[in-house]
Every structure is written in structure tokens, then in C-alpha cells.
Amino acid sequence: MKIKDITTLIKQLRRQLELTQEQFARKVGVTCGTVNHWENGKRTPHPYLIPRLLEIKKELPEGKGKSPKEASKG
């Protein structure tokens, strides 16, 4: 996965959950500055944080976080 893809994924996830960077940072267990760096492509999440990000993605209501094609598949 490219850095740009990761930054986009994190931004979308945070926005879909309707969280500020600070709220998202607390949820993940990092600082607000870290989330800001992720979203601006200055850093990428450490590999050990990926499972936590996936857990958070599961919190999205059904249909959110999917492309329109995926959401229509059910």
C-alpha cells in the first residue's frame, strides 16, 4: 500500500466516524500530532497499530466505509 493510500484511508476513517484528530488519536492511542502527520503523509502508522485501526474501522455503521459498489452488494 502506498503512503498516499494510507493517508487517505486514515482521513476517511476519521471523518466517517465524525471524530476530530484529537478524538481519533485518543481512540488509537497516539498523539494528535501523530494523526496529523499520518494525514499529511509525513509519517505512516507503525505496523503494530494496523490491527487497532482495523478494529476502529469495524465500528463504522453498516455501509459506511465502503465504496458505493461494495455497499450495494450488501
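Computed from a predicted model, the values in this text were never measured in an experiment.

### What to know about the overall build of the protein chain
When its secondary structure is counted, the protein chain shows five helices and zero strands. Helices and strands appear in the protein chain in the N-to-C order α-α-α-α-α. Per-residue burial for the protein chain yields a buried fraction of 27% across its 74 residues. Looking at the protein chain alone, contacts between residues at least 24 apart form 49% of all its contacts between residues at least 6 apart. For the protein chain, the accessible area works out to roughly 5300 Å², and carbon and sulfur atoms hold 53% of it.

### Looking at the packing of helix α2 (residues 21-28) against helix α4 (residues 50-57)
At a minimum axis separation of 10 Å, α2 and α4 run at an interaxial angle of 115 degrees. Of the residues in α4, those in contact with F24, K27 and V28 of α2 are R52, L53 and I56. Of the residues belonging to the contact of α2 with α4, the class tally is four nonpolar, no polar and two charged.

### Details of the pattern of salt bridges
Enumeration according to the criterion identifies four salt bridges in this entry. For R26, the salt bridge is made with E22, and the minimal N-O distance between the two is 3.4 Å. One end of the pair is R26 and the other is E22, both in helix α2 and four residues apart, which spans about a single turn. When its relative accessible area of 58% is taken as the criterion, R26 is described as exposed. Across the pair E59 and K27 runs a salt bridge whose closest N-O atoms are separated by 3.1 Å.

### Here's the deal with helix α3 (residues 32-39)
Taken as a whole, α3 has its buried residues at T34, V35, W38 and E39. Considered in projection along α3, the buried side chains sweep an arc of 135 degrees and stay on one side of the axis. Those residues of α3 that are buried are in contact with α1 (3-16), α2 and α4. Of the residues trailing α3, G41 is marked for its positive phi of about 75 degrees.

### So, the environment of I6
Relative to the elements of secondary structure, I6 occurs in helix α1. According to the relative accessible area criterion, I6 is buried, its value standing at 19%. The spacing of I6 and G41 is 35 residues in sequence and 8.2 Å in space, taken between C-alpha atoms.

About the criteria used
Residues numbered from 1 in each chain as written. Predicted model: local features only at pLDDT ≥ 70, side-chain atom pairs only at ≥ 80, totals over all residues. Heavy atoms only, no water. Helix = DSSP H or I, 4+ residues; strand = E, 2+ residues; numbered from the N terminus. Buried < 20%, exposed > 50% of the residue type's maximum accessible area, 1.4 Å probe, protein only. Contact = heavy atoms within 4.5 Å. Areas by Shrake-Rupley, 256 points an atom, 1.4 Å probe, with all protein chains shown as cover. Axes fitted to C-alpha atoms, helices over the stretch in contact; angles between N-to-C directions. Nonpolar A, V, L, I, M, F, W, Y, C, P; charged D, E, K, R; others polar. Salt bridge = Lys/Arg side-chain N within 4 Å of Asp/Glu carboxyl O. Arc of directions from axis to C-beta.

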